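Letter by letter, the chains look like this.
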Amino acid sequence: MGEKLVRFSITIPEELLDYIDKNLIKKGYSSRSEFVRDLVREMIVSDRWSDDQNEVVGVLTVIYDHHQRELTQKMIDLQHSKYINIMCTTHVHLDHNNCLETIIIKGKPSEIESISMKIAGLKGVKFAKLTKTSKLEI
């Protein structure tokens, strides 16, 4: 009861095929086909993020010093922006000084990127990375 699969062939330089074959197992792919499917899925996500009319989802990972004065309040204030939808946050204490948060954000690409940059730029934030994703409707 899966989706219909279609077989096609491609022609690529031998060096690219060697690269694919060397990295398949290291990256956990069971086949060349699955590798190519993942590349296409990544392109779909990238295309969705390039059009600001789309609603997409991002996961912002932040590590910060929780002793930094007013940092957590500033982060919370940014998350209460009217232009985005914070779906979920997870807070973990890494050690006495450092916390890790993941913030799942749904909205327009530019709005998600904007709040991510604002949070990343706050004093006391040591690391911030936005992982971009979206629904794959194809």
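Residues numbered from 1 in each chain as written. Predicted model: local features only at pLDDT ≥ 70, side-chain atom pairs only at ≥ 80, totals over all residues. Heavy atoms only, no water.

Colleague: If you had to explain the pattern of salt bridges to someone new, which residues and values would you point to?
Modeller: Under the defined criterion, the tally for this structure stands at five salt bridges. Ionic pairing is found between Arg32 and Asp21, a salt bridge with its closest N-O pair at 2.8 Å. Here the residue Arg32 occupies a position in helix 2 (residues 32-50), and Asp21 occupies one in helix 1 (residues 14-26), the gap between them amounting to 11 residues. The salt bridge partner of Glu113 is Lys132, with a shortest N-O separation of 2.8 Å. Pair noted here: Glu113 is in helix 4 (residues 109-120) and Lys132 is in strand 4 (residues 125-133), with a separation of 19 residues, a long-range link. (Salt bridge = Lys/Arg side-chain N within 4 Å of Asp/Glu carboxyl O. Helix = DSSP H or I, 4+ residues; strand = E, 2+ residues; numbered from the N terminus.)

Colleague: Mind laying out the state of the cysteines, listing which residues take part and the relevant values?
Modeller: Tallied over the full model, the rule gives zero disulfides. Take Cys88: it sits in no disulfide, and the sulfur closest to it among the cysteines is that of Cys99, at 16 Å. On the basis of relative accessible area, Cys99 is assigned to the buried category, the value being 1%. (Disulfide = S-S within 2.5 Å. Buried < 20%, exposed > 50% of the residue type's maximum accessible area, 1.4 Å probe, protein only.)

Colleague: Report on the sheet that holds strand 3 (residues 98-107), specifying residues and quantitative values.
Modeller: As summarised here, the arrangement of the four strands in space is 2-3-1-4, forming an open sheet in which the pairing is antiparallel. Strands with a single pairing partner mark the edges of an open sheet, and in this sheet they are strand 2 (85-93) and strand 4. Sheet twist, expressed as the average angle between the axes of neighbouring strands with direction ignored, equals 15°. Against the sheet, helix 2 engages strand 1 (56-65) and strand 4, with an angle of about 105° to strand 4. Where helix 4 meets the sheet, its contacts fall on strand 1, strand 3 and strand 4, and the angle it forms with strand 3 comes to roughly 165°. (Pairing = 2+ DSSP bridges. Axes fitted to C-alpha atoms, helices over the stretch in contact; angles between N-to-C directions. Contact = heavy atoms within 4.5 Å.)

Colleague: Tell me what's going on with the packing of aromatic side chains, and back it up with residues and numbers.
Modeller: What the rule picks out here adds up to one aromatic pair. Between Tyr29 and Phe35, the ring centres sit 5.3 Å apart and the planes meet at 85°, which makes this aromatic pair edge-to-face. Comparing Tyr29 with Phe35, the two get one shared label, buried. (Phe/Tyr/Trp six-rings, centres within 6.5 Å; stacked < 30°, edge-to-face > 60°.)

Colleague: I'd like a description of a nonpolar patch on the surface, backed by residues and values.
Modeller: The grouping of Phe8, Ile10, Ile12 and Leu16 at the surface amounts to a nonpolar patch, some 410 Å² of accessible area in total. Its relative accessible area of 61% is what places Phe8 among the exposed residues. (Patch = residues over 30% accessible without salt bridge, like charges linked within 9 Å, V, L, I, M, F, W, Y side chains within 5 Å. Areas by Shrake-Rupley, 256 points an atom, 1.4 Å probe, with all protein chains shown as cover.)

Colleague: Account for helix 2, naming residues and giving values.
Modeller: Between its terminal C-alpha atoms helix 2 stretches 27 Å, which fits the 27 Å expected from 19 residues at 1.5 Å a residue. On its buried face, helix 2 sits against helix 1, strand 1, helix 4 and strand 4. (Expected span 1.5 Å × (residues − 1).)

Colleague: Which residues make up the pairing of strand 1, and what values do they have?
Modeller: What you see with strand 1 is a clean split: Val56, Gly58, Leu60, Val62 and Tyr64 sit on the buried side and Val57, Val59, Thr61, Ile63 and Asp65 on the side with no burial. The sheet contact formed by strand 1 and strand 4 spans eight bridges and is antiparallel. What sits directly across from Ile63, in strand 4, is Phe127.

Colleague: Got a sec to walk through the environment of Ile119? Specific residues and values, please.
Modeller: Note on placement: Ile119 falls in helix 4. Considered as a pair, Ile119 and Tyr83 are 36 residues apart in the sequence and their alpha carbons are 15 Å apart. With residues up to four places along the chain from it excluded, the contact list for Ile119 reads Leu60, Val62, Met75, Leu78, Gln79, Ile103 and Val125.

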